[in-house]
Amino acid sequence: MDHLYTLTTELIADIDEAFHIYKTETKTRETEADFFTEVKPFADRIHFRVKDWEPLARDWVLVNKPKYLYPIQINTAAENIGYLGVYVFQKKMKDKRITEMVKSVLYVLNQLKNQMAEVENK
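Residues numbered from 1 in each chain as written. Predicted model: local features only at pLDDT ≥ 70, side-chain atom pairs only at ≥ 80, totals over all residues. Heavy atoms only, no water.

By the naming in an unreviewed UniProt entry, the chain goes by DUF1798 family protein and is assigned to Fictibacillus halophilus.

On to the packing of aromatic side chains, then. Scanning the entire structure with this criterion turns up 3 aromatic pairs. Between the aromatic rings of F42 and F89, the centroid separation amounts to 5.6 Å while the plane-to-plane angle is 75°, which identifies the pairing as edge-to-face. Of the two residues, F42 is situated in helix α2 (residues 35-64) and F89 in the loop between α3 (71-87) and α4 (95-121); the sequence distance between them amounts to 47 residues. Given a relative accessible area of 5%, F89 falls into the buried group. Their ring planes at 15° and their centres at 5.6 Å tell us that Y83 and Y87 sit as a pair that is stacked. With Y83 and Y87 both in helix α3 and 4 residues apart, this pair spans about one turn of that helix. By relative accessible area, Y83 is classed as partly exposed at 36%. (Phe/Tyr/Trp six-rings, centres within 6.5 Å; stacked < 30°, edge-to-face > 60°. Helix = DSSP H or I, 4+ residues; strand = E, 2+ residues; numbered from the N terminus. Buried < 20%, exposed > 50% of the residue type's maximum accessible area, 1.4 Å probe, protein only.)

Position of T37 among the secondary structure elements: in helix α2. A residue is classified by how much of its surface remains accessible, and T37, at 57% relative accessible area, is exposed.

Counted under the stated rule, the structure contains 10 salt bridges. Across the pair R49 and D14 runs a salt bridge, and its minimum N-O distance is 2.5 Å. Pair noted here: R49 is in helix α2 and D14 is in helix α1 (residues 2-26), with a separation of 35 residues, a long-range link. No difference in accessibility class separates R49 from D14, as the two residues are buried. (Salt bridge = Lys/Arg side-chain N within 4 Å of Asp/Glu carboxyl O.)

Our next topic: the packing of α2 against α4. Where α2 contacts α4, the axes come no closer than 12 Å and their chain directions differ by 50°. Overall, the two elements α2 and α4 adopt an arrangement that is oblique. The interaxial crossing formed by α2 with α4 has left-handed handedness. Contact with α2, carried on its side by W53, A57, W60, V61 and N64, involves L109, L112, Q115, M116 and V119 of α4 and no other residues of that element. When grouped by side-chain class, the residues that make up the contact of α2 with α4 number 8 nonpolar, 2 polar and no charged. (Axes fitted to C-alpha atoms, helices over the stretch in contact; angles between N-to-C directions. Parallel < 35°, antiparallel > 145°, perpendicular 65-115°, else oblique. Left-handed = near helix turned anticlockwise from the far one by under 90°. Contact = heavy atoms within 4.5 Å. Nonpolar A, V, L, I, M, F, W, Y, C, P; charged D, E, K, R; others polar.)

Right, here's the structure in full:
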């Protein structure tokens, strides 16, 4: 569980960083981000982290049955995290879509983190 908690915390930081990149860099730059020096390293880091996180999180939700959190939300969040790793570098992405995706992912990640802390404290 400690590993899952750490991964969840790291993913929250990654999503915060992704949203920061989108708001401060992508929206203000004249050209698209360089794929091999900016997009790929960031997307790969998130991809490998979420690849480890998803099965652990899904199993934890199935075993602990937390309120307001279901396996399908874990799957959707993992998928959206993968998309965000690339989308935040694309100037053509709509603000609303990125913002809503970030809010949705952060809701699931924070909900999982809080529920794990609650179970740990019982």
